[in-house]
Each structure stands twice: as C-alpha cells, then as structure tokens.
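Topology and contacts: notes
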Amino acid sequence: MTMPEATTQERDKGMKTRAADVPAHVGVIMDGNGRWAAARGLPRLEGHRRGVEALRATVRAALDFGLDYLTVYSFSVENWSRPIEEVTDLMGLLKRFIRHDLRDLHKAHVRVKIIGAREPLQPDIRALLDEAEDLTRDNDRLTLVVAFNYGSRQEIAGAARAIAHKVAEGLLQPEDINEHLFASYLDTAGIPDPDLIIRTSGEQRLSNFLMWQAAYAEFVFLPMHWPDFNQQAFAAALTEFATRERRFGGVSAAPKKSKFLGGFRP
Ligand code: FPP
C-alpha cells in the first residue's frame, strides 16, 4: 500500500493537518462485501478481497484528512457463525493485510492497535497482531484500530468481570466505579470516543460495535456496499458530519453550516 508520507516538518513538530470540522475519531462498519460480490455473480471471497482494497483507500484518506483515529470493524464475534470456508478466508485476508501492508503503514507513521479477544485466534495470527502493535507502537500520525474478533457486549462484560475481581481482592471499592474507571477497563482504554460512525450497505444498526464508546457519536449510513467506498464517499460522510450540531446533552448553539470540502453530500 502506498501511503502519503508525512513531511519532515509535520514529523518534527508533530503537526497535524486536521481541519476544525474534521472528526478526530471515525469508526467504520465495513458492510456489504457479500452483496457486492453476489450482485456481480462473484464468490463472497472476491467481495472481501475488494473490501481490503477499500480499506487501504480508507486508511490513505484518513491520513489525507488528518484524522487521529480510524477504527474498522473487521471481524465480529458473531462472524464465527459463517461457513468455515468464509471464516478461513477472512482470517487469511487479515494475515495478508498485515504481512503485505505493515511496513507501509509504519513508514506512514500509522500506529496499529487491535481490539477484541485475541486468545481464541490461531497462534500465527496472534503473533502477527502482536508484531503489528509492537512495530508501530510509537507512531503518532494516525492510529488505525482494527476490531478483530470484537464484540461490544463481550468487551463490556469483560470489563465488569475485571473490575469485580479487583473489588473481590479489595483493590477497588464499589464506590470507585464510575464511567471513567469503567472505560479504562475496555479494550479502547486511552482512545477517545468515536465522533462519527460510518456504515455502508444501507443497514442502520450498530451490530455490537463500540456500543459504550458511541454514546455521543454521529452516524452516517451510506447506501453503497463497502468495496465501493472510497475517498470521495469518505469526504461526503465528513461533510455530513460537519453539518451536525453536537450538543452532548447540552443546549443548542448557533446552527451549523458545513465547512468541510463544501459541496459533497452522501
Ligand atoms: C461485511 O460484509 C464485512 C465483513 C464481515 C468483514 C469486513 C472485512 C473486510 C473489509 C476485509 C477483511 C479485512 C481485514 C483487515 C480482515 P458482509 O460479508 O457481511 O456482506 P453482506 O452483508 O453483503 O453479506
């Protein structure tokens, strides 16, 4: 994957080029690979392969737009219920993505972080995920969060279990538990909540993705299938985001007009 290089000046000064209306953190539910393939009489694997191409383009766009975090839903805990051949294909694509793209991601100063349960994965996949995180740990241009074998309910239950152990051991008091402490036990500890969640393929649901973290996220649902997602579609979603008024439970400020890349609309 060819990534835009940060300029020396950007690197030296830690400069970011994110405009005021551009969200810091975007989550993406990459849906519709199967339908994209079926519509063309192709095997589902071809849809997933093209989905990886769209993912590459999305990372490049996230770098161009200056996002701080991009979280992609690559494999959910529910995806194990798919036919074994498709599960094997998706595992193979993840391996190939990391083997093929890791050096380029590192060169582009992308930090890779994986969320989700790692123990049930094959040892070679676990080793690759560890390698990706270790190699890119100190990068600071964009954090690419890959949700793999991820499920929000499982993540929340795991955090509750870990906190319960601490209370049982006397290391925490029940009164210590608040939303900040709880969030620090999630896989996403230290990562700001997503500002925007994009889902392709016309479905309008969260499907066990970042349910705690998306409490105040804006949602943009696009009719296109994931393999057709590209920089222009991403820009359109950001334009839509820029028109949203985020009140976080407070009161209304002045009405907003989109400033981002004026004109594109989903
Ligand atoms: C949804 O399409 C997509 C997925 C289940 C996986 C997303 C995976 C990729 C984009 C490629 C793999 C990338 C990595 C890094 C592993 P779907 O199969 O649910 O489509 P459908 O709803 O049309 O059947």
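Keep in mind that what you see is a predicted model, and the values were worked out from it rather than measured. (Residues numbered from 1 in each chain as written. Predicted model: local features only at pLDDT ≥ 70, side-chain atom pairs only at ≥ 80, totals over all residues. Heavy atoms only, no water.)

**Points about the pairing of strand E2 (residues 69-76)**
For E2, the buried fraction is high: seven of the eight residues fall into the buried class. Across five bridges, the pairing between strand E1 (residues 25-29) and E2 is parallel. Bridge pairing in E2 places His 25 opposite Tyr 69. Of the strand pairs in this sheet, E2 and strand E4 (residues 142-150) are connected by seven bridges, and their pairing is parallel. Paired with Tyr 69 across the strands is Thr 143, a residue of E4. (Buried < 20%, exposed > 50% of the residue type's maximum accessible area, 1.4 Å probe, protein only. Helix = DSSP H or I, 4+ residues; strand = E, 2+ residues; numbered from the N terminus. Pairing = 2+ DSSP bridges.)

**Examining the UniProt feature "active site" (unreviewed entry) in the chain**
UniProt's feature table lists "active site" (unreviewed entry) at Asp 31 and Asn 79, given in the numbering used throughout. For the residues just named, distributed over 49 residues, the greatest C-alpha separation is only 12.2 Å, placing them together at one site. When you line up the elements, Asp 31 lands in the loop between E1 and helix H2 (33-39). Classification of Asp 31 as buried rests on a relative accessible area of 16%. Setting aside chain neighbours within four positions, we find Asp 31 in contact with Arg 199, Thr 200, Ser 201, Glu 203, His 225 and Trp 226. By the element assignment, Asn 79 lies in the loop between E2 and helix H4 (84-107). (UniProt positions renumbered as here; feature names shortened; annotations may be inferred. Contact = heavy atoms within 4.5 Å.)

**Description of the nonpolar core**
Among the nonpolar cores identified, the biggest contains 50 residues, and Val 26, Leu 67, Leu 70, Leu 144 and Phe 234 are the most heavily contacted of them. In terms of residue count, the dominant contributor to this core is H4 (nine residues). Dropping the residues within four chain positions of it, Leu 144 is found in contact with Val 59, Leu 70, Val 72, Phe 97, Leu 105, Val 110, Arg 111, Val 112 and Lys 113. Of all hydrophobic cores here, the second largest spans 13 residues; its members include Val 145, Ala 147, Phe 209 and Ala 214. (Core = buried A, V, L, I, M, F, W, Y, C linked by side-chain atoms within 4.5 Å.)

**Quick notes on the side chain of His 25**
With respect to the element layout, His 25 can be found in strand E1. For His 25, a relative accessible area of 3% gives the class buried. When sequence neighbours within four positions are dropped, the list of residues in contact with His 25 reads Tyr 69, Leu 70, Thr 71, Ile 191, Pro 192, Asp 193, Pro 194, Asp 195 and Leu 196.

**Comments concerning the pattern of salt bridges**
Scanning the model with the defined rule gives 20 salt bridges in all. Linking Glu 131 and Arg 103 is a salt bridge whose minimum nitrogen-to-oxygen distance equals 2.9 Å. Taken as a pair, Glu 131 in helix H5 (residues 123-136) and Arg 103 in helix H4 lie far apart in primary sequence, 28 residues in all. For Glu 133, the salt bridge identified is with Arg 118, shortest N-O distance 3.1 Å. Placement of the pair is Glu 133 in helix H5 and Arg 118 in the loop between strand E3 (110-115) and H5, with a sequence separation of 15 residues. With relative accessibility at 13%, the residue Glu 133 sits in the buried group. The network of salt bridges with common partners includes Asp 31, Arg 35, Arg 199, Glu 203 and Arg 205. (Salt bridge = Lys/Arg side-chain N within 4 Å of Asp/Glu carboxyl O.)

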